[in-house]
Each structure stands twice: as structure tokens, then as C-alpha cells.
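Residue strings, one per chain:
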Amino acid sequence: MALTTMSMEEDDDRPPSNLSSGAEELVSTVLQRAQRHVVTEKNEPISDPENVGDEVTKNISWAACGVFTVDLGKKQIEEYVRTCWDWEADVRGPDRDSWLSGLDFLRTTEEPDQHRSLHHYRLRCSVPTSRTPVPEATACVHFVVEVSQRARARAVPVEVRFVVESNRLVHTAGRSRFREKWLRDVIESKAAVRAVVDF
């Protein structure tokens, strides 16, 4: 089996193929979409990759790494959930759904080789009703606040990511729009398991 090589000059003399024009079109499309999702220097909201329309993803002004504390992180996550997450307006009569949630600090993980600390929080969400005041299931959202410990990053805002229970996709605050359906799916899947498993 012989390996042949071609110089760049030989490659330039060839007429463009359908493959190269398709590749150029793909690259152009990817670059256009990427431009929609870049945060500007003015820290304007960026568009949601899951929603190609003109909607923007909401965010809050996160604390700088130099002033971050565990309690401040908890307050800011609660503010982010309250103001930036779009909760569906369910109107189902007198028993309409209303989400309740509680946020707990879990632990801090230090990563000296990465010059950062990770602060872990858990948000538990449930839908109690007048018929079932104690919810049968809860859905959790796990937040990680990354605080850079580099001296030059003390004025830089913390990075906040979250994962919905039983999902692998990691969301970044301000870059992906929360959907209430994610929590409903978790609760419905737990109810389906409970229906087939005898305890």
C-alpha cells in the first residue's frame, strides 16, 4: 500500500467539487449561528441555541470572584431561579399547579491545580396541591458555582452551571433558557417507576 502526497499547488489547480462548496456553506452557517451566541463586551444577553428565534436568555449580574461567599452564592442562585427561569402559567382550576423549591449548599471542592474552587448547591422542586400536600416526587437541579482563584480574575464574575436531575446536559446560566418541562419530565418518570415497582 503506497501513500501518495499532493502539494498545495496541485490542489489549487483542481476545480471546486460539490464537497468543498458544501463545506463552505456549512462553515458559513456555523459561523453565522456562532455570532448570535457570543457575549458582547457590554454583557448583553445572548440568544438561546435551542430557540433559533429572536428570544434572548435572561441572566443576572453574578458576583465577582473576589467577593464571592457561599451565602452570596445561595442568594444569587435563588434570584436567578426567581427572575430568569420561565415558569409556565398553569391554570387548571382550583387545584392549579404551583412549584415550591428549596436550595441547599452541599459542599465546596478545591482544585488547586486548576486555581479554582467549585461550590455545589442543590435546588429541590416539587408541586404540592390541595389534594396531595406532600408531593409524591421531587426534581432536583444541581448548581456548581466556579470561582477562579487567580489574582487577575478577582473582578471577573463567577461561572454558574446547572444540571437537571437524570440529565447529562450541562447548562450555563445566561446561555441556555430553562424549561419547566425538564422538571415535569423528572417527576413523571419517577411516578412511572413507582407505578410498576412495589415497595
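Keep in mind the model is a prediction, meaning the values are calculated, not measured.

**A closer look at the overall build of the chain**
The helix and strand inventory of the chain stands at 4 helices and 5 strands. Listing the helices and strands of the chain from first to last along the sequence gives α-α-α-β-β-β-β-β-α. Per-residue burial over the chain gives 32% buried out of 199 residues. By element, 53% of the accessible surface of the chain is carried by carbon and sulfur atoms, the whole surface being about 13,900 Å².

**Details of the nonpolar core**
With 31 residues, the main nonpolar core has Tyr 80, Trp 85 and Phe 143 as its most contacted residues. Counting residues per element, the ones that place at least two in this core are helix H3 (70–84), strand S2 (116–126), strand S3 (139–148), strand S4 (159–164) and helix H4 (180–196). For this core, the element with the most residues is S3, which contributes 5 residues. Residues within four places of Phe 143 in sequence aside, it is in contact with Ile 77, Tyr 80, Val 81, Trp 85, His 119, His 120, Tyr 121, Leu 123, Val 160, Arg 161 and Phe 162.

**Here we look at a nonpolar patch on the surface**
Together, Val 193, Val 196 and Val 197 give the surface a local cluster of nonpolar side chains, amounting to about 260 Å² of exposed area. Tracing the backbone shows Val 193 in helix H4. On the basis of relative accessibility, which here comes to 48%, the residue Val 193 falls in the partly exposed class.

**A few points about the sheet that holds S4**
One open sheet accounts for 5 strands, arranged S1-S2-S3-S4-S5; its pairing is antiparallel. In the strand order of this sheet, the two ends are held by strand S1 (100–111) and strand S5 (171–172), each with one partner. Along the sheet, H3 makes contact with S1, S2, S3 and S4, crossing S2 at roughly 45°.

**Focus on H3**
Between its first and last C-alpha atoms H3 spans 20 Å; for 15 residues at 1.5 Å apiece the expected length is 21 Å, and the two agree. Those residues of H3 not exposed but buried are Gly 73, Gln 76, Ile 77, Tyr 80, Val 81 and Cys 84. Down the axis of H3, the buried side of the element spans an arc of 135°, and every buried residue falls inside it. When the buried face of H3 is taken as reference, the exposed residues oriented beyond 90 degrees from it are Asp 71, Lys 75 and Arg 82. The secondary structure elements touched by the buried residues of H3 are S1, S2, S3 and S4.

**Thoughts on H4**
One turn of the α-helix equals 3.6 residues, which is why residues spaced by three or four share an orientation. The terminal C-alpha atoms of H4 lie 25 Å apart, and with 17 residues this matches the ideal 24 Å at 1.5 Å per residue to within 8%. Where the residues of H4 are buried, they touch S2, S3, S4 and S5.

**A short note on the confidence of the model for the chain**
Within the chain, residue pLDDT values average 77, and 67% of them lie at 70 or more. Averaged pLDDT values for the elements of the chain fall to 45 in helix H1 (residues 8–12) and rise to 96 in S4. For residues 36–54, every residue scores under 50 in pLDDT, and the model assigns this stretch 32 contacts once sequence neighbours within four places are set aside. In the predicted structure, residues 90–96 sits below a pLDDT of 50 and forms 9 contacts with residues beyond four places in sequence or in another chain.

**Regarding the pattern of salt bridges**
Using the criterion set out here, one finds 9 salt bridges in the structure. Where Lys 190 meets Glu 165, a salt bridge forms, and the shortest distance between an N and an O atom there is 2.9 Å. Taken as a pair, Lys 190 in helix H4 and Glu 165 in the loop between S4 and S5 lie far apart in primary sequence, 25 residues in all. Judged by relative accessible area, which is 27%, Lys 190 ranks as partly exposed. A salt bridge links Lys 181 to Asp 185; its shortest N-O distance comes to 2.9 Å. Taken together, the positions of Lys 181 and Asp 185, both in helix H4 and 4 residues apart, correspond to about one turn of that helix. Look at Lys 181 and you get partly exposed, because its relative accessible area is 48%. Residues joined in a network through salt bridges with shared partners are Glu 111, Arg 116, Glu 146 and Arg 161.

Calculation criteria
- Residues numbered from 1 in each chain as written.
- Predicted model: local features only at pLDDT ≥ 70, side-chain atom pairs only at ≥ 80, totals over all residues.
- Heavy atoms only, no water.
- Helix = DSSP H or I, 4+ residues; strand = E, 2+ residues; numbered from the N terminus.
- Buried < 20%, exposed > 50% of the residue type's maximum accessible area, 1.4 Å probe, protein only.
- Areas by Shrake-Rupley, 256 points an atom, 1.4 Å probe, with all protein chains shown as cover.
- Core = buried A, V, L, I, M, F, W, Y, C linked by side-chain atoms within 4.5 Å.
- Contact = heavy atoms within 4.5 Å.
- Patch = residues over 30% accessible without salt bridge, like charges linked within 9 Å, V, L, I, M, F, W, Y side chains within 5 Å.
- Salt bridge = Lys/Arg side-chain N within 4 Å of Asp/Glu carboxyl O.
- Pairing = 2+ DSSP bridges.
- Axes fitted to C-alpha atoms, helices over the stretch in contact; angles between N-to-C directions.
- Expected span 1.5 Å × (residues − 1).
- Arc of directions from axis to C-beta.
- pLDDT = per-residue confidence, 0-100.

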